[in-house]
Amino acid sequence: MSTLDFHTANDRRSVAIDDAHESLLLTDVLRRADLPLNTRCGQRGLCDGCCVELLSGALISTVTGKTVESGEANEPLRACQHQLVPDGQAEVHVPARSLLAHAPQVVTSFCANVSRAHDPLWQRIDIPIGDIDKSMPFPESLCRVIAKQRDGDLPVRPGRGLDALAEFQEACIHVTLEHCGDHWSVRPAGSQRSDFGVAVDVGTTTVVATLVDLENGEVASTASSLNTQTRLGDNVLTRIQHCRNHKRFVGLLQRAIAKRTLKPLLDEVLRESNLSADQIVCLAVAGNTTMLHLLAGVDPSPMGAVPFTPEFVEHRVFRARQLLLSTPTTTAGISERPEDAAYSAVPADGQMAAFDPAIHFLPSAAAYVGADIIAGVFSTGMAYQMETSLLVDMGTNGEIVLKHDDRLLGCATAAGPAFEGAGLACGVRASRGAISHVRLNDDSKEPDIEIIGGEDPIGLCGTAYVDFMAEARRTGLIRKTGRFLGSPSQRLFRHATHGQSFIVARGSASRPVVVSEADIASLLQAKAAIAAGIVCLLDRAGLSTDDIGTLYLAGGFGFHMDVENVIRCGLLPGFRPDQIRLVGNTSLAGAYLALLDSGVLAEMKRVSRRLEIVELNLEPDFESQYIDQLCLPE
Ligand code: FES
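Residues numbered from 1 in each chain as written. Predicted model: local features only at pLDDT ≥ 70, side-chain atom pairs only at ≥ 80, totals over all residues.

### As for the overall build of the protein chain
Phase 1: Helix and strand counts for the protein chain come out as 12 helices and 31 strands.
Phase 2: Whereas a compact globule of 634 residues would reach a radius of gyration of roughly 26 Å, the protein chain reaches 27 Å, a difference of no more than 12%.
Phase 3: Oriented by its inertia axes, the alpha-carbon framework of the protein chain measures out at about 90 × 65 × 45 Å.
Phase 4: Looking at the protein chain as a whole, 49% of its 634 residues qualify as buried.
Phase 5: Considering only contacts within the protein chain whose residues lie at least 6 apart along the sequence, 70% involve residues at least 24 apart. (Helix = DSSP H or I, 4+ residues; strand = E, 2+ residues; numbered from the N terminus. Rg over C-alpha atoms; globule rule 2.2 N^0.38 Å. Buried ≥ 20, exposed ≤ 12 C-beta atoms within 10 Å, placed from the backbone. Contact = placed C-beta atoms within 7 Å.)

### Some thoughts on the domain arrangement of the protein chain
Where interface size is given, it is often the accessible area lost as the parts come together that is meant.
Phase 1: Along its sequence, the protein chain is organised into domain 1 (2-98), domain 2 (105-188), domain 3 (196-312 + 316-361) and domain 4 (385-634).
Phase 2: Here domain 2 and domain 4 have C-alpha centroids that lie 44 Å from each other.
Phase 3: Each partner contributes to the interface: domain 2 provides 13 residues, whereas domain 4 provides 14 residues.
Phase 4: The dominant element in the side of domain 2 that touches domain 4, judged by the number of residues it contributes, is strand β9 (residues 110-112), at three residues.
Phase 5: Of the residues that constitute the side of domain 2 that touches domain 4, the class distribution is seven nonpolar, four polar and two charged. (Domains from an automatic or database assignment. Nonpolar A, V, L, I, M, F, W, Y, C, P; charged D, E, K, R; others polar.)

### Things to note about the sheet that holds strand β16 (residues 219-226)
Phase 1: Spatially, β16-β15-β14-β17-β19-β18 is the arrangement adopted by the six strands of the open sheet, whose pairing is mixed. The sheet is open, and its two borders are formed by β16 and β18 (316-319), each paired with just one other strand. Direction aside, the axes of adjacent strands within the sheet are offset by 20° on average.
Phase 2: Judged from the seven bridges that link them, strand β14 (residues 196-202) and strand β15 (residues 206-213) form a sheet pairing that is antiparallel. Across the sheet, the residue bridging to aspartate 201 is valine 208, located in β15.
Phase 3: Sheet strands in contact with helix α4 (residues 248-273) are β14, β15 and β16, and its direction is about 150° off that of β16. (Pairing = 2+ DSSP bridges. Axes fitted to C-alpha atoms, helices over the stretch in contact; angles between N-to-C directions.)

### Observations concerning the packing of helix α6 (residues 371-380) against helix α11 (residues 599-610)
Phase 1: As a packed pair, α6 and α11 sit with axes 9 Å apart at the nearest point and diverge in direction by 110°. With respect to α11, the axis of α6 lies roughly perpendicular. On α11, the residues that touch Ile374, Ala375, Val377 and Phe378 of α6 are Val600, Glu603, Met604, Val607 and Ser608. (Parallel < 35°, antiparallel > 145°, perpendicular 65-115°, else oblique.)

### A look at the sheet that holds strand β23 (residues 434-440)
Phase 1: Spatial ordering of the open sheet is given by β24-β23-β25, a layout of three strands whose pairing is mixed. Only two strands of the sheet have a single neighbouring strand rather than two, namely β24 (447-451) and β25 (459-460).
Phase 2: Sheet analysis places β23 next to β25, joined by two bridges and oriented parallel. In the strand pairing of β25, isoleucine 435 is matched with leucine 460.
Phase 3: Where helix α7 (residues 462-474) meets the sheet, it contacts β23 and β25, and its direction lies at approximately 15° from that of β23.

### With respect to helix α2 (residues 138-149)
Phase 1: Along its 12 residues, α2 runs 17 Å from first to last C-alpha, staying within 8% of the 16 Å computed at 1.5 Å per residue.
Phase 2: Of the residues one or two after α2, aspartate 151 is the one with positive phi, at around 60°. (Expected span 1.5 Å × (residues − 1).)

### What about the environment of aspartate 393?
Phase 1: Here aspartate 393 is to be found in strand β20 (residues 389-393).
Phase 2: Sequence-wise, aspartate 393 and glycine 599 are 206 residues apart; in three dimensions their C-alpha atoms are separated by 24 Å.
Phase 3: Dropping the residues within four chain positions of it, aspartate 393 is found in contact with Asp372, Ile373, Gly376, Glu399, Ala554, Gly555 and Thr586.

### Regarding the pairing of strand β28 (residues 512-516)
Phase 1: Of all five residues making up β28, four are buried, and the element is well covered by its neighbours.
Phase 2: Sheet topology note: the strand β27 (residues 499-506)/β28 ladder contains five bridges and is antiparallel. Note that in β28 the partner of alanine 505 across the bridge is valine 513.
Phase 3: Adjacent in sequence and paired antiparallel, β27 and β28 are bridged by five residues, among which alanine 509 carries a positive phi angle near 55°.

### Re the environment of alanine 375
Phase 1: Checked against the element boundaries, alanine 375 lands in helix α6.
Phase 2: Accessibility expressed as a C-beta count within 10 Å gives 35 for alanine 375, which makes it buried.
Phase 3: Put simply, alanine 375 and leucine 253 are 122 residues apart on the chain and 24 Å apart in space, counted from C-alpha to C-alpha.
Phase 4: Residues contacting alanine 375, with those up to four places away along its chain left out, are Ala286, Leu362, Thr586, Ser587, Ala589, Gly590, Ala591 and Met604.

### Points about the nonpolar core
When a protein is soluble and globular, its nonpolar side chains tend to lie buried together.
Phase 1: Residues Val285, Leu362, Leu460, Ala591 and Tyr592 are the most contacted members of the largest nonpolar core, which totals 160 residues.
Phase 2: Excluding anything up to four places from it in sequence, leucine 460 contacts Gly421, Cys426, Gly427, Val428, Ala434, Ile435, Tyr465, Val504, Val513 and Val515.
Phase 3: If you look at the next biggest cluster of nonpolar residues, it comprises 22 residues, including Cys51, Val52, Leu84 and Val94. (Core = buried A, V, L, I, M, F, W, Y, C linked by C-beta atoms within 7 Å.)

In structure tokens form, the structure reads like this:
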């Protein structure tokens with residue numbers, strides 16, 4: 001019989017384990033005691049989700065077979081790699097970041113496919129007054145207590161105003177804890193109310209902001225828009241080239257993404273949720289490396305030429321004011337619209353509470369494999385799984401990661417914005433009025449369409465273009481080169497500006513919503529870039545499509561892509577529908593998870609170090625594969 005004493009911030013218990021169960025892993029012992037840990041890697045020793053601190057007694061390491069005595073371990077121990085000593089005793093402390101708060105879940109438009117703890121980047125905590133050592137300065141003692149509670153994951157430093165709490169008379173001291181990158185900062189807690197964070201995906205073409213209640217992880221609202229930088233170039237290379245030619249473009253592009261794109265999105269999510277700006281206490285941002293540089297106002301020029309060196313790839317923390325996002329001190333400049341007054345929290349004197357939360361940039365891997373793809377590798381859980389898998393993100397940069405054995409191979413391919421509906425005759429984002437699905441009649445080729453919100457159609461979004469290509473090929477409306485077959489008709493005609501076009505629907509005032517041959521050419525280029533990237537990555541690892549257990553298909557289309565049609569138009573050459581799993585916007589999923597579980601940042605950093613970058617432009621077969629993939633399948 002052995003004994004385990006364990007405690008968390010709110011619980012302290014002791015359990016006796018009989019001889020039959022002494023060989024259980026510590027994670028299993030704790031699970032049986034109703035204290036499940038955040039075993040996000042499936043107890044494979046690959047994450048930090050199950051770390052505990054050994055306070056007294058001893059445990060046996062299942063890796064080395066040796067006994068670890070308390071005081072010997074310099075670091076927290078992984079509970080999934082330790083078990084109790086027969087007839088022994090151990091006392092462990094389980095920090096909040098190791099407790100399971102949420103199993104894998106589907107959250108609005110993305111899938112968080114790994115478990116998480118509840119340890120937000122900004123949190124309110126209560127410290128019992130009795131824990132404070134009165135023989136030392138109050139702020140120092142308070143920070144020590146918090147650091148001990150957290151098992152010293154990061155230094156804890158006093159922020160402004162802590163001295164004022166020294167005379168506090170109640171049973172608990174209420175403080176806030178803010179993750180500042182290399183330390184936690186402690187400050188007195190303000191009035192008790194809900195605090196929110198924002199998860200942001202800064203895409204080359206589309207930007208999405210999701211407002212999250214930090215207490216329970218619920219999504220309050222989401223807003224998306226076109227990245228205003230697209231007016232200055234529809235791909236990252238053009239924008240980098242602008243910066244290489246004229247340094248003033250760095251500032252122009254920063255203002256475009258910060259002031260003209262992200263700030264209006266923050267205003268929108270606040271307005272929709274009827275919240276005030278000062279209730280946003282932190283942001284987590286994922287995006288490709290160029291987008292993160294430009295949002296930070298850092299010149300991305302070095303990434304435009306060999307050896308493609310980014311200025312930074314690590315997790316960085318900025319303040320809203322550094323990124324031109326801080327709120328003005330009066331309502332002027334936010335919005336002229338009276339209905340916006342509700343969210344601006346302006347006191348009677350017209351002065352608004354300062355809005356200057358910490359903004360966390362998630363870690364990237366390299367110039368062309370950014371935080372968005374690291375977020376995807378993490379949030380899909382592929383980094384921790386045994387099976388061979390592939391992540392394909394159908395964004396403008398077309399990022400692809402292959403997981404095989406312990407290797408992670410990643411590449412990016414210039415797909416362009418076509419699958420996001422940009423640069424096409426009637427392309428729109430997936431929002432109200434967008435045609436989301438198209439089916440063509442076998443004989444008449446009359447389209448049957450689905451419209452988001454059921455309104456008059458305003459255009460087609462990416463999922464509809466994929467459907468159209470697959471259906472048009474299936475019914476013989478287009479050749480494998482993407483050219484229309486057949487003579488002019490009521491639907492097939494030469495458009496004055498778009499050339500040979502097919503009318504999919506008529507919008508308000510009978511405006512035709514068309515797909516043109518030029519659109520299909522752009523879509524074929526995008527699909528060829530992604531398909532060739534997949535083929536090259538598999539070749540590099542000596543694998544075939546049959547070796548892939550799961551292909552995670554990610555993108556802003558959420559869960560609405562018709563997988564059969566994706567395959568029919570040759571985007572995923574050689575794959576079967578049963579291998580494909582739609583996971584939505586995995587970049588946003590990673591930002592969401594990082595907001596709510598600070599331990600995710602360290603895990604993403606580890607993933608980024610594991611990722612081996614494959615430069616497709618240096619792969620001898622890439623160009624010929626790209627040319628081969630420019631046609632639709634037979
Ligand atoms: S669950 Fe123990 S290391 Fe991941």
